[in-house]
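Coordinate inspection notes
Residue strings, one per chain:
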Amino acid sequence: MTIPGYYRFPTVHRDRVVFVCEDDLWQVPLGGGAAVRLTAGLGEVSHPAFSPNGEQLAFVGREDGQAEVYVMPASGGSAQRLTFLGVGARVVGWSPDGQWILFASSAGQPFRRLMQLHRVHCEGGLPERLPYGMAHTVSYGPDGGVLLGRNIGDPARWKRYRGGLAGVMWIDANGSGRFEKLLELDGNIASPMWVGDRIYFLSDHEGTGNLYACTPSGEDLQRLTHQQDYYLRNASTDGQRIVYHAGAELGYYDIAAGEQRPIFVEFYSPKVQQQRKFVEAGHYLEAYSLHPKGHKTLVTSRGQSFSFGHWEGAVMPLKPQPGDRYRLTQWLHGGTKLVAVRVTGDRTTPGDEHLVMLDTGSTIGLDVTPQILRDVDVGRVVDLKVSPTANQVVLTNQRHELIWVDLETHQSKVLDRSPYQRIHGVDWSPDGVWVAYGCSETQFTASIKLCQVASGQTHPLTPPRFLDFNPSFDPQGKFLYFLSIRDLNPVYDGVYFDLGFPRATRPFLLSLQQDTLSPFIPQPKPIGEDDKEDEEGSSEGDASKEGGDRSGENVPSENAGDSGEKPTPITIDLDGIQQRVAGFPVPEGRYQQIQGIKAGVLFSSAPVRGSLGEWHEDPLAADAKLELYDFKTQSCDLVAKSISDFAVGWDHNTLIYRAGDRLRVCAAKAQEDDEGDDEPSRKSGWLDLERLRPSVLPQQEWQQMLAEIWGLQRDHFWTADLSGVDWQRVYQRYQPLLARV
C-alpha cells in the first residue's frame, strides 16, 4: 500500500516528469507509475527544469544555506553547484540552445523583490545578467521573440490579489527589443510560456487559478482548464505538454489534443519527516509557573506542560489530547489543581479555545483527565491570572475583554471591555476581592482601573491622560504599582534634526489608603530603631533560611506560601485616589514588568537597541536587567542583568526568571554576583530543562497548527462575515491535504 505525497514543481520532457516531494527530486512516467527518488540531500530543493535535450536537470538547492543554482544528470547522479550569489535564486528555464541555465535573482539589488534575470553556463562560470531589467521569468518564441513575466510569483499564496504587485506579461513579438504589455486582466498572472504561436499562462481573474492561452498580440483569450477547488500552480512545458500541480496532485495539459489529464504517482517513501521526534524544551519554552509551595515549577513547551521538582525528582508530563495543545498552564491556589488554555485541533471545533482544569492529585502525568469548560466563551486568551484564594481566574482576550471565570461552577462574566485596545496587564489583590488592570479609555491612552469582582463595579485609579499599564498589588495591600509612559524627555536624533522619546516609561505607585504615607519620604524615627528593625529582620531571615535553605543558597522551602491562613481583607479608599500617585525616583527607561514583593518592588527594563534587520523584538532576547527597589534604604539594586522576563512566587519572596531558553529560581533579593555558577544546581538556581523532552508527532501537531491558524484568521478578521467567504468550507477543502505533507 502506498501513501501519497505532496507533489510540487513539476517539469516535463517527453514521457518523463520530475517533481519535488519531501524536499527532494523524484521522477515518474508521464503516463503514471512508480516514482523514483533522484536526490537525497539535507537541504530543500525546488524549481527543477529539464534541459531542452532532456539530459540535464537544473534546480534550486539549499545544501549550503542560501538558494543557489545546481545542475545534475537527469538520470540521477551528483549535483554541481553553479552559483555563489548568497542572496537566493530561482531557476526559470534554459536557453533554446541548451547551454545556459536561466534564473532570477535579487543579487545587487537592495530588496529581495527586485528580481533580475541572469544566465549561467551549464558547465560553470560567472553568471551574466540579461538585458531585460526587472523581471521574474523569461520564455523565448519564434523569430527572436521574448516573453517576460514581471511580479510573477505563486498566486495560490495570494489568492485573487488585484494590487500593484500582481503579475503582468511583457512581450517583444519579433525580437526588435521593444516590449509591450500583454493583456489587461483583473487578476494575478503566473508561469507565462511561449509555445508555438500561442502564449500560455496561469491566471485567477475568473476566481480560481487555471490555464489560459492567447495569441502573441493578446487576442483569442481561451480558458483551457476548469479547476474549481485548487489553483493550478508552477506550470512548465517542453513544447508539447504543460505540467502543473493542483492541491497535492500532478497533472498535464496536452497541447495537441487540447485535453487536461492527471498523472498518477505510486509513491514509496519511509516518511521520515512524519516519525516521532523529541525536541528541546528550552528552545520552545512558552510559559512557566511556580508551585504555591515554591518547590516545583510548571513549564509549558511545544504545547505540552511538565511539572518537576527544581533539582530533584521525576518530571511529570501533562499531555493534552492528541491534536490539541495547552497554553498558559498555571497552578491554582491549592497546589493540586491546574488551569490551562486548551486549543483544539479536532475537525468539529477546529481552533477553538477553552479553559481546562486538571486535578493532578497524586497521579500527575498518569492519564489526567481535563475538566473542559466548553460552555464558557473566552475567545482568544491573551493573558491569564489565577486568584490567590479560590479556583477562579481573570483573563484578557483578543476582543479587548476582561473576563472572570469560576472554574468550579463554570460561571463567568465580562468585567470590562475596551473599545480601543487589549487590556494592558491584570493582577489580583492579595485577598482575591479586587482586580486591577490597564484599560484604554481613548485611542492613544490607557488608565489603571479597579474592579470589585463580586459586584462587577469598576473604578478608574488614574486619569486617561497617559499610557498606564501592567498593575501589580503590594503583598501587604498598601500600594498598587504600575508602569506608565509619561516621562517625555525628548532626545535628539543622531542623523536627522528630529526629536524622539526612546525612554519614556517609569514605575509608579498609588496609595490604596488615605493614611498611607508616601514610601519615598523618610519619616522621623527614634535613635536605635533602625538597628532594632535590622535585628528583627535578621532573625526572621534566619528562621526562614533554617526551614528552606538546606544548602545555604536561600531557595524556597516546600511550605512557602502555604500557611492555610485566610488573607486579611484589603481596604481601598477610592476618594481622591487619583491624587495619590507617586513616581519611583529612578531614571526613565524602557520598563517592561513590575511586581511587588515583601522586600520592595521588582522591575525589569530593556536597553534601547537598533532595529536593523529586525521587524519585531526577539522574545528570547535576554538583554533586560532586573532591579529591586528597597523602600527602607531608598536604593535600587541589581538582581539579574540578563533576563527575558520574570515572575514571583506565591510567597512573594521567591523569584523565577527566564534568560533566553533558560530558567532560574532564586530568592528575590539583590545579587552580589550575577555571574556565579552557570551550571544547573540548587546552589546556582538554574533549572536543568534538558530533563524535559517534549515528544512530537508531526502529523498530529500539523493538524493542530492548521486548526489554530484557521481559527485565528476567523476570530481576528476585520469583518465578522469574513468578507462573505465560507470559512468552514475553506477548512474542509484544505484539511485533507495535511495527510500528504
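Predicted, not measured: the structure shown is a model, and the values here were computed from it.

What the protein contains, in helices and strands, is 3 helices and 57 strands. Here the protein holds 741 residues, and the buried ones make up 50% of them. Intrachain contacts of the protein at a sequence separation of at least 6 include 47% that bridge at least 24 residues. Approximately 35,300 Å² of the protein is accessible, and the part contributed by carbon and sulfur atoms is 49%.

Summed over the entire model, instances satisfying the criterion amount to 26 aromatic pairs. The ring centre of Trp100 lies 3.8 Å from the NZ or CZ of Arg119, which sits over that ring.

Before going further, it helps to examine the pairing of strand 20 (residues 210-214). Burial runs high along strand 20: 5 of the 5 residues are buried. With burial as the criterion, each face of strand 20 is covered, one bearing Asn210, Tyr212 and Cys214 and the other bearing Leu211 and Ala213. Bridge analysis of strand 19 (residues 198-203) against strand 20 gives 5 bridges, and the strand direction is antiparallel. For Ile199, the partnering residue across the bridge sits in strand 20 and is Cys214. Between strand 19 and strand 20, which follow one another and run antiparallel, lie 6 residues, and Gly207 among them has a positive phi close to 120°. As paired strands, strand 20 and strand 21 (residues 222-223) are joined by 2 bridges and run antiparallel to one another.

What follows concerns the environment of Lys598. With respect to the helices, strands and loops of the structure, Lys598 is situated in the loop between strand 50 (590-597) and strand 51 (600-606). A sequence separation of 561 residues divides Lys598 from Arg37, and the C-alpha atoms of the two residues are 66 Å apart.

We note that Asn151 has phi near 60°; this positive angle belongs to a residue other than glycine. Mapped onto the elements, Asn151 comes out in the loop between strand 15 (146-150) and strand 16 (168-172). The backbone phi angle of Asn470 is positive, close to 55°, even though this residue is not glycine.

Moving on, we come to the sheet that holds strand 1 (residues 8-13). Ordered in space as 1-2-3-5, the 4 strands form an open sheet in which the pairing is antiparallel. Two strands in the sheet have a free side with no partner beyond their single neighbour: strand 1 and strand 5 (36-37). As defined by bridge partners, strand 3 (residues 24-29) adjoins strand 5 across 2 bridges and the pair is classed as antiparallel. Across the sheet, the residue bridging to Trp26 is Arg37, located in strand 5.

As a further point, take the nonpolar core. Across soluble globular proteins, nonpolar side chains have a tendency to be buried as a group. In this structure, Met169, Leu182, Ile199, Tyr200, Phe201 and Leu211 are the most contacted members of the largest nonpolar core, which totals 30 residues. Elements with a minimum of two residues in this core: strand 16, strand 18 (189-195), strand 19, strand 20, strand 22 (232-237) and strand 23 (241-246). The element contributing the most residues to this core is strand 18, with 5 residues. Leave out the neighbours within four places in its chain, and Leu182 touches Leu147, Met169, Trp170, Ile171, Ile199, Cys214, Thr215, Pro216, Ser217 and Gly218. Counting residues in each nonpolar core, the second largest holds 17 residues, with Ile597, Ala606, Leu626 and Val648 among its members.

We now examine the side chain of Ser51. Within the element layout of this structure, Ser51 appears in the loop between strand 6 (45-50) and strand 7 (56-61). Polar contacts involving the side chain of Ser51 include one to the main-chain amide nitrogen of Glu55, which spans 3.3 Å. In this view, Ser51 contacts His13, Gln56 and Trp94; residues no more than four positions away in its chain are not counted.

Turning next to the confidence of the model for the protein. For the protein, the mean per-residue pLDDT works out to 90, and 92% of the residues sit at or above 70. For the stretch residues 362-367, pLDDT sits under 50, and the model shows 7 contacts to residues farther than four places along the chain or on other chains. Per-residue pLDDT stays below 50 along residues 537-563; that stretch engages in 32 contacts with residues further than four places along the chain or on separate chains.

This part is about the environment of Phe584. For Phe584, the location among the structural elements is in the loop between strand 49 (581-583) and strand 50. Between the C-alpha atom of Phe584 and that of Pro519, which follows or precedes it by 65 residues, the distance is 9.6 Å. Phe584 has contacts with Tyr481, Arg506, Pro507, Phe508, Leu509, Phe520, Val601, Phe603, Tyr629 and Phe631, leaving out every residue within four places of it along the chain.

Another point: the side chain of Thr462. If you trace the backbone, Thr462 turns up in the loop between strand 43 (458-460) and strand 44 (467-473). In this structure the side chain of Thr462 is engaged in a polar contact, spanning 2.8 Å, whose partner is the backbone nitrogen of Ile448. A polar contact of 2.8 Å, which involves the side chain of Thr462, links it to the side chain of Asp468. Setting aside anything within four residues of it in sequence, one finds Thr462 in contact with Ser447, Ile448, Asp468, Phe482, Leu510, Gln578 and Val581.

Inspection of every chain in the model, using the stated rule, returns 38 salt bridges. For Glu401, the salt bridge identified is with Arg399, shortest N-O distance 3.1 Å. For Glu401, a relative accessible area of 11% corresponds to the buried category. The exposure class of Arg399 is partly exposed, given its relative accessible area of 26%. Among the salt bridges present, the one from Arg609 reaches Asp623, with a minimum N-O distance of 2.6 Å. Of this pair, Arg609 sits in the loop between strand 51 and strand 52 (624-630) while Asp623 sits in the loop between strand 51 and strand 52, and the two are 14 residues apart along the sequence. A relative accessible area of 27% places Asp623 in the partly exposed class. Within the structure, one salt-bridge network assembled from shared partners comprises Arg327, Asp352, Glu353, Arg380, Arg714 and Asp715.

All right, on to the environment of Asp630 then. Secondary-structure assignment places Asp630 in strand 52. It is 9.9 Å that separates the C-alpha atoms of Asp630 and Pro519, two residues lying 111 residues apart in sequence. Setting aside residues no more than four positions away along its own chain, Asp630 makes contact with Ala599 and Ser635.

Between helix 2 (residues 698-716) and helix 3 (residues 727-734), the least distance of the axes is 11 Å, while the angle of their chain directions is 160°. Between helix 2 and helix 3, the crossing angle belongs to the class labelled roughly antiparallel. The two elements helix 2 and helix 3 meet at a crossing, and its hand is right-handed. The segment helix 2 lies against helix 3, with Gln703, Leu706, Ala707, Trp710, Gln713 and Arg714 engaging Trp727, Gln728 and Tyr731.

All right, on to helix 2 then. Compared with the 27 Å implied by 1.5 Å per residue over 19 residues, the 26 Å span of helix 2 between its first and last C-alpha is a close match. Those residues of helix 2 not exposed but buried are Pro698, Glu701, Gln703, Gln704, Ala707, Glu708, Trp710 and Gly711. Tucked inside the fold, the buried residues of helix 2 contact strand 32 (325-331), strand 33 (337-343), strand 57 (695-696) and helix 3.

Strand order in this open sheet of 4 strands is 14-15-16-17, and the pairing throughout is antiparallel. Unpaired on one side and paired on the other, strand 14 (137-140) and strand 17 (180-182) mark the two borders of the sheet. Each neighbouring strand pair of the sheet contributes to a mean axis angle of 30°, computed without reference to strand direction. Sheet topology places strand 16 next to strand 17; 3 bridges connect them, and they run antiparallel. Within the sheet, the bridge partner assigned to Ile171 lies in strand 17 and is Glu180.

Judged by side-chain polarity, Phe111, Leu114 and Met134 come together as a nonpolar surface patch covering roughly 280 Å² of accessible area. By the secondary structure assignment, Met134 is in strand 13 (residues 128-134). For Met134, a relative accessible area of 35% corresponds to the partly exposed category.

What counts, and at which threshold
Residues numbered from 1 in each chain as written. Predicted model: local features only at pLDDT ≥ 70, side-chain atom pairs only at ≥ 80, totals over all residues. Heavy atoms only, no water. Helix = DSSP H or I, 4+ residues; strand = E, 2+ residues; numbered from the N terminus. Buried < 20%, exposed > 50% of the residue type's maximum accessible area, 1.4 Å probe, protein only. Contact = heavy atoms within 4.5 Å. Areas by Shrake-Rupley, 256 points an atom, 1.4 Å probe, with all protein chains shown as cover. Phe/Tyr/Trp six-rings, centres within 6.5 Å; stacked < 30°, edge-to-face > 60°. Lys NZ or Arg CZ within 6 Å of the ring centre and 35° of its normal. Pairing = 2+ DSSP bridges. Core = buried A, V, L, I, M, F, W, Y, C linked by side-chain atoms within 4.5 Å. Polar contact = N/O pair within 3.5 Å; in protein donor to acceptor, adjacent residues only side chain to side chain. pLDDT = per-residue confidence, 0-100. Salt bridge = Lys/Arg side-chain N within 4 Å of Asp/Glu carboxyl O. Axes fitted to C-alpha atoms, helices over the stretch in contact; angles between N-to-C directions. Parallel < 35°, antiparallel > 145°, perpendicular 65-115°, else oblique. Left-handed = near helix turned anticlockwise from the far one by under 90°. Expected span 1.5 Å × (residues − 1). Patch = residues over 30% accessible without salt bridge, like charges linked within 9 Å, V, L, I, M, F, W, Y side chains within 5 Å.

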